[in-house]
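Structural features, examined
If you want the building blocks of each chain, they are given just below.
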Amino acid sequence: MVSLKDIAKACQVSVATVSKALNDHNDISAETKERIRQVAKDMGYFPNSAAKALKTNRTYNIGVLFVDEARSGLTHNYFSHVLDSFKQTAEQQGYDMTFINCCKTRPNRMTYLEHARYRGFDGVVIACIDFNDPEVIELVKSNIPVVTIDHLFHNRIAIMSDNAKGMEDLFSYVYERGHRKIAYIHGADSAVTQSRLSTFYRMGEQKGLSIPDAYIKEAAYRNADEAYERTRELLALEDRPTCILYQDDFASFGGIKAIRQAGLKIPQDISVAGYDGIRIAYQLEPQLTTLKQDTDSIGRLAAEQLISLIEEPKTTLIRPYIVEGYVEKGQSVRDINHT
């Protein structure tokens, strides 16, 4: 491996001068810096990350704790886009990303906190996991800088999609198009689900609607098979809904399949709407009406705030950040006001 001493000899300067040039110190001229950096590059010099970590007390490596119940991993449409935005922002500021091992059946596995300390992560972003898991809570309560996505812990930075306003906007859009019999297939219990479901009921109350218990169903997030079965149950009702809201776009595909198998057309016979705004939903015919979440902003904010917490812990404000989405109107919700 090429050392600073080798570069100093080639440039006929001191090791201290080489170090200052490579670390962009102000007491070295721009011309000297450029010459030393070019020689270092030509010689194939790369700084030793372990040595750099000892000197700066940072590894410039961020841990990512991410796993979902459906085990869809990075094929998870919503969170894959959030993490892609996070990755781009972090890399622009000189940080790498490493996933924390989530396989609990692995022999001699470490806890999440042990893995984070073993890897020397400067900080950790946590998304799409069981936030009640004792190992997650242990990590959050540690002295490692942490930012969570779509879950709020006390005295920790959280980046939250505005689920209450998202459901409010989606419900209002469907209502304004004349629908009064609105069903909702919600996801499994979580803070996100609770926020959306309570808002659904509140909106129904505000609009003077009586929502039958039979109109409310549960299916796991991103589970098209369960959404298919719950949709069949809704279609079998004597007084079936005119519009079905789904827990997410991916799950809605199962519902759409059930509707078409029943010989019904969307939106002529029944309307549907999803949640998330994943790219494939734009390719459906008719295009799916959905609440488009701002994954770019969520990922970017998470990276910016975590890096700020790492680099400026005394001045970084610890608070939740709320990111709004918007209704992508599509063509899957019929306007029954004018028919």
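Above this text you will find the structure in question.
Since we're looking at a predicted model, the values are computed, not measured. (Residues numbered from 1 in each chain as written. Predicted model: local features only at pLDDT ≥ 70, side-chain atom pairs only at ≥ 80, totals over all residues. Heavy atoms only, no water.)

Every second residue of strand β8 (residues 243–246) is oriented toward a common face, with C243 and L245 on one face and I244 and Y246 on the other, all of them buried. Where β8 meets strand β9 (residues 271–276), 3 bridges bridge the pair, whose relative direction is parallel. Note on β9: the bridge partner recorded for I244 is V272. Considered for its hand, the β-α-β crossover made up of β8, helix α11 (residues 249–261) and β9 is right-handed. (Buried < 20%, exposed > 50% of the residue type's maximum accessible area, 1.4 Å probe, protein only. Helix = DSSP H or I, 4+ residues; strand = E, 2+ residues; numbered from the N terminus. Pairing = 2+ DSSP bridges. Right-handed = clockwise from strand over helix to strand, strands pointing away.)

Attention now goes to the packing of helix α2 (residues 15–22) against helix α3 (residues 30–42). Closest axis-to-axis distance for the α2/α3 pair is 9 Å, and the angle between their directions is 95°. It follows that α2 is roughly perpendicular to α3 by the angle criterion. Between α2 and α3, the contacting residues are T17, V18, A21 and L22 on the first element and T32, K33, I36, R37 and A40 on the second. Class assignment for the residues of the contact of α2 with α3 results in 5 nonpolar, 2 polar and 2 charged. (Axes fitted to C-alpha atoms, helices over the stretch in contact; angles between N-to-C directions. Parallel < 35°, antiparallel > 145°, perpendicular 65-115°, else oblique. Contact = heavy atoms within 4.5 Å. Nonpolar A, V, L, I, M, F, W, Y, C, P; charged D, E, K, R; others polar.)

Overall, mixed pairing links the 6 strands, which are arranged β7-β6-β8-β9-β10-β12 in an open sheet. For this open sheet the edge positions go to β7 (216–218) and β12 (326–328), each flanked by a neighbour on one side alone. This sheet shows a mean twist of 20° between the axes of neighbouring strands, independent of strand direction. One ladder, built from 3 bridges, connects strand β10 (residues 289–292) with β12; its direction is antiparallel. Each bridged residue has a counterpart across the sheet, and for K292 the counterpart in β12 is Y326. Each of β6 (182–186), β7 and β8 is contacted by helix α10 (residues 224–235), which is oriented at about 155° to β6, the strand it contacts most.

Orientation of helix α8 (residues 163–176) relative to helix α9 (residues 191–206), taken along the N-to-C sense of each, is 40°, at an axis distance of 8 Å. Taken together, the axes of α8 and α9 lie oblique to each other. At the point where α8 passes α9, the crossing takes the right-handed sense. Judged by residue contacts, N163, A164, M167, E168, F171 and S172 of α8 engage V192, S195, R196, T199, F200, R202, M203 and G204 from α9. (Left-handed = near helix turned anticlockwise from the far one by under 90°.)

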